Amino acid sequence: VILLCFRRYVLTALTSCLFWNMFGLSAAMDSKPNILLFLADDLGIGDIGCYGNNTIRTPNIDRLAREGVKLTQHIAAAPLCTPSRAAFLTGRYPIRSGMASSNGYRALQWNAGSGGLPANETTFARLLQQQGYTTGLIGKWHQGVNCESFNDHCHHPLNHGFDYFYGMPFTLLSNCQEDKPPELDVALQAKLWLYSQIMSLAVLTLTAGKLTGLTSIRWKIIACFTLVGGLFFISWYSSYGFVQYWNCILMRNHDVTEQPMRLERTASLLLKEAVSFIKRNRHGPFLLFVSFLHVHTPLFTTAKFLGKSHHGLYGDNVEEMDWMVGKILDSLDKEGLTNHTFTYFASDHGGHLEAQDGSAQLGGWNGIYKGGKGMGGWEGGIRVPGVFRWPGVLPAGAVIDEPTSLMDIYPTVVHLAGGILPQDRVIDGRNLMPLLQGRAQKSEHEFLFHYCGSYLHAVRWHQKDSGAIWKAHYVTPVFHPPGAGACYGKGICPCFGEGVTHHDPPLLFDLSRDPSEAKPLSADTEPLFDTVIRKIGRAIEEHRRTLTPVPEQLSLYNVVWKPWLQPCCGRFPFCWCDKEGDSTQSL
């Protein structure tokens, strides 16, 4: 009897233990991972170690690649920050949301512009918020702030699904640092200043002539010249004379905390906020989007990293960013969250080749790929790093050569959160989890469309049965000087007009054989040339049928500075404050 009771007790205990272990495992599998997204600004694919750079030290980003999955054909939906980030947030080509420009202003120019990510666009942050995630954005936004008044915040991160925002509503510019030459709309700024000088000279000449009796011009005409000259001067001075105050600001949620921002402590503040967000929300689930200000000009770098790299100020800035990545990853380790966090690192587009200060290169390196930032077709402008890590779920040290897009992050994180994609619009991204886990061998993308503003410059066709990656260029920028590989002297290559060349038939490359796009194919050298061009042409027709007209957020009216929309921590125009004080700590 005793033996029988003992056997029953052991059987019951084992059954109970097995039940609870299975229940715990099931709960772990069903639980939602934390999601940590790193997005660098203007970083070239050739700037980090895991993509072949052996002179700039990026041990923390390299660690992510070593412990996770590296994508070698990860493509931005646009070659500039505002449209690329709009596509990243929405999973849609920027032309669908109105964030693609048909004029020369291809990114938002002011905090006080009225353009931005439309309120009817649904970001992944909004969908994750609906699934119980606490969502935060630390760093750069550059998707607009206000629409009609200085505090309507229609484009603000908090109106797009983020519970918490700390960072720059705009983007870093050389104008943010006092000893740097202006970067914002230099051509227009020079014109306004020139017109102001011309009108001032005209007023002085006419006044002198009137007083000396050399001319009989009426005072009313002189007054009109004075008024016009004054308007030119006010337009120049009120906007470009105060760029630091208007654009270079930090916000916490809806409140301006620094105006202008003090660059010497910005990196520490952003790092502190990211670490604090993880600690506050360690019981999760959380989405943290760390949108770096690095490595955009003016490349402000703290003293700890100055002169430490082999590539001047740019290399110093990259290494500082990598250090920040490491500190944030350390905070995951400290809180015991590493194995329960889906982590991603990428850049919003390619490195800025034209960013120079004399002989010093201030922009990134795009490896073997032609072109760079601003070029919608050439690989150097759109092929970016793409690294994923989720220990125990994603294989370590895997490399995937299939075409993927920054837009794929949208459906991927929504899937991980247990959400449902919007059914009332086209989502261009694809869920990457089958590919990342090795359950699928081919990318779901057959075609990717490469826009420069609202102009289609190139199309990529992934011919899955043969493994070929065909790419047809319909428009390419005219390099200056010829053959230079960039538009030096122009700041950035244009999308249309005299600065581009139209190709009929298009330039065709097979990226699987010629990733540098060095040798265009022709009907004489490629038997499939006509077949490929026809196939891509039909894909373009089908793609354009899915586009619907939407208001252009980057129209001239929407990008111009409007005083009544200016975020201000005082009473406009007296906008200056420092609410951070000495709140930074050594991290």
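Here the structure is a predicted model, which means the values were calculated and not measured.

Describe in detail the overall build of the protein, supporting the description with residues and values.
In terms of regular secondary structure, the protein is built from 15 helices and 18 strands. Sorting the 587 residues of the protein into buried and exposed places 55% on the buried side. Sequence-distant contacts, at least 24 apart, represent 74% of the contacts inside the protein between residues at least 6 apart.

Tell me about the pairing of strand β2 (residues 69-75), residues and numbers included.
Across the seven residues that make up β2, a large majority, six, are buried. Pairing between β2 and strand β11 (residues 383-389): five bridges, direction antiparallel. Bridge pairing links Val69 to Phe388 in β11. Strand direction decides the pairing type here: β2 and strand β12 (residues 398-400), joined by three bridges, are parallel. In the sheet register, Leu71 faces β12, and the bridge partner there is Ile400. Relative to strand β13 (residues 404-405), β2 is paired through two bridges, and the arrangement is parallel.

Outline the sheet that holds strand β17 (residues 500-510), listing residues and values.
Strand order in this open sheet of four strands is β14-β15-β16-β17, and the pairing throughout is antiparallel. The outermost strands of the open sheet, each flanked by one partner alone, are β14 (447-452) and β17. For this sheet, the mean angle separating the axes of adjacent strands, direction not counted, is 15°.

Break down a nonpolar patch on the surface for me, with residues and values.
A cluster of nonpolar side chains, namely Leu194, Tyr195 and Ile198, defines an oily patch on the protein surface of about 270 Å² accessible area. Inspection of the secondary structure puts Tyr195 in helix α6 (residues 186-212). What makes Tyr195 partly exposed here is its relative accessible area of 36%.

Please give an account of the packing of aromatic side chains that cites residues and values.
Here the structure, examined in full by the defined rule, presents 24 aromatic pairs. With a centroid separation of 6.1 Å and an interplanar angle of 75°, the aromatic rings of Tyr93 and Phe449 are classed as edge-to-face. Of this pair, Tyr93 sits in the loop between α3 (81-90) and α4 (94-97) while Phe449 sits in strand β14, and the two are 356 residues apart along the sequence. Tyr93 gets classed as buried once you look at its relative accessible area, which sits at 4%. A relative accessible area of 9% means that Phe449 is categorised as buried. Through successive ring pairs, a cluster of aromatic residues spans Phe88, Phe124, Trp141, Phe162, Phe289, Phe342, Tyr344, Phe388, Trp390 and Tyr410. Geometry around Tyr51 places Lys70 over its ring, the cationic atom sitting 5.0 Å from the centre. The cationic tip of Arg280 hangs over the ring face of Tyr164; the distance from NZ or CZ to the ring centre is 5.0 Å.

Procedures and definitions
Residues numbered from 1 in each chain as written. Predicted model: local features only at pLDDT ≥ 70, side-chain atom pairs only at ≥ 80, totals over all residues. Heavy atoms only, no water. Helix = DSSP H or I, 4+ residues; strand = E, 2+ residues; numbered from the N terminus. Buried < 20%, exposed > 50% of the residue type's maximum accessible area, 1.4 Å probe, protein only. Contact = heavy atoms within 4.5 Å. Pairing = 2+ DSSP bridges. Axes fitted to C-alpha atoms, helices over the stretch in contact; angles between N-to-C directions. Patch = residues over 30% accessible without salt bridge, like charges linked within 9 Å, V, L, I, M, F, W, Y side chains within 5 Å. Areas by Shrake-Rupley, 256 points an atom, 1.4 Å probe, with all protein chains shown as cover. Salt bridge = Lys/Arg side-chain N within 4 Å of Asp/Glu carboxyl O. Phe/Tyr/Trp six-rings, centres within 6.5 Å; stacked < 30°, edge-to-face > 60°. Lys NZ or Arg CZ within 6 Å of the ring centre and 35° of its normal.

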